[in-house]
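An overview of the molecular structure
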Amino acid sequence: MSKVDAYVSHLGNATRALGNIIVLETEMKLLELKIVDFENHIKENVRMLDGDIGEPQKNILKLSNTEYELRILELQTKIKLNSLSITRVKMVRG
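1. A few points about the overall build of the protein chain
The helix and strand inventory of the protein chain stands at 2 helices and 0 strands. Computed over C-alpha atoms, the radius of gyration of the protein chain comes to 22 Å, more than 25% over the 12 Å expected from 2.2 N^0.38 for 94 residues, which places it beyond the range of a compact globule. Counting only C-alpha atoms and orienting by the principal axes, one finds that the protein chain spans roughly 75 × 15 × 15 Å. Split into buried and exposed, the 94 residues of the protein chain put 20% on the buried side. The contacts of the protein chain with a sequence gap of at least 6 include a subset with a gap of at least 24, amounting to 73%. The averaged location of the 13 negative side-chain charges in the protein chain is 11 Å from the averaged location of its 14 positive side-chain charges.

This is how it looks when you write it as structure tokens:
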């Protein structure tokens, strides 16, 4: 392999790595927006819980909030995994 071929190959690999990082960072931003959305749903449910509603509705809202909290934890985990992937790509590609 000539020096030019090696350089082109290296440049292609670096470009793919940068593309992967951009995709992961974009996904992280979208996940963060979903977290904010779930947090807003929780706040709205809490406001409704403070209102004059029946026990069945309160139980449904509490269950819904638990589901939202679990989804938030799942999204936070995905964000952390993406962050680790970005670090790994940066380390491998230098």
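2. Looking at the pattern of salt bridges
Evaluated as defined, the whole model comprises 4 salt bridges. Among the ionic pairs, glutamate 32 bridges to lysine 29, the shortest N-O distance being 3.8 Å. Of this pair, glutamate 32 and lysine 29 both sit in helix H1 (residues 3-50), 3 residues apart, roughly one helical turn. Look at glutamate 32 and you get partly exposed, because its relative accessible area is 33%. Judged by relative accessible area, lysine 29 falls into the exposed class, the value being 55%. A salt bridge links arginine 47 to glutamate 44; its shortest N-O distance comes to 2.9 Å. Of this pair, arginine 47 and glutamate 44 are both found in helix H1, 3 residues apart, which corresponds to roughly one turn of the helix.

3. A short note on H1
If you check H1, its first and last C-alpha atoms are 70 Å apart, about what 48 residues at 1.5 Å a residue would give, namely 70 Å. For H1, the full list of buried residues reads Ala17, Ile21, Leu24, Met28, Leu31, Ile35, Phe38, Ile42, Asn45 and Leu49.

4. Comments concerning the side chain of asparagine 45
Along the chain, the position of asparagine 45 falls in helix H1. Residues contacting asparagine 45, with those up to four places away along its chain left out, are Leu61, Ser64, Asn65 and Tyr68.

5. Topic: the nonpolar core
With 14 residues, the main nonpolar core has Ile35, Phe38, Ile72, Leu75, Ile79 and Ile86 as its most contacted residues. Contributing elements (two or more residues each) for this core: H1 and helix H2 (55-93). Broken down by element, the residue count for this core peaks at 8 residues, all from H1. Among residues more than four places away in sequence, those in contact with phenylalanine 38 are Tyr68, Arg71, Ile72 and Leu75.

6. A look at the side chain of asparagine 82
Note that asparagine 82 resides in helix H2. We classify asparagine 82 as buried; its relative accessible area is 9%. With near-sequence residues (within four places) excluded, asparagine 82 lies in contact with Leu24, Glu27, Met28 and Leu31.

7. Notes on a nonpolar patch on the surface
A cluster of nonpolar side chains, Val4, Tyr7, Val8 and Leu11, forms an exposed patch at the surface whose accessible area comes to about 420 Å². Mapped onto the fold, valine 8 is located in helix H1.

Criteria and thresholds
- Residues numbered from 1 in each chain as written.
- Predicted model: local features only at pLDDT ≥ 70, side-chain atom pairs only at ≥ 80, totals over all residues.
- Heavy atoms only, no water.
- Helix = DSSP H or I, 4+ residues; strand = E, 2+ residues; numbered from the N terminus.
- Rg over C-alpha atoms; globule rule 2.2 N^0.38 Å.
- Buried < 20%, exposed > 50% of the residue type's maximum accessible area, 1.4 Å probe, protein only.
- Contact = heavy atoms within 4.5 Å.
- Lys, Arg positive; Asp, Glu negative; His and termini not counted.
- Charge placed at Lys NZ, Arg CZ, Asp CG, Glu CD.
- Salt bridge = Lys/Arg side-chain N within 4 Å of Asp/Glu carboxyl O.
- Expected span 1.5 Å × (residues − 1).
- Core = buried A, V, L, I, M, F, W, Y, C linked by side-chain atoms within 4.5 Å.
- Patch = residues over 30% accessible without salt bridge, like charges linked within 9 Å, V, L, I, M, F, W, Y side chains within 5 Å.
- Areas by Shrake-Rupley, 256 points an atom, 1.4 Å probe, with all protein chains shown as cover.

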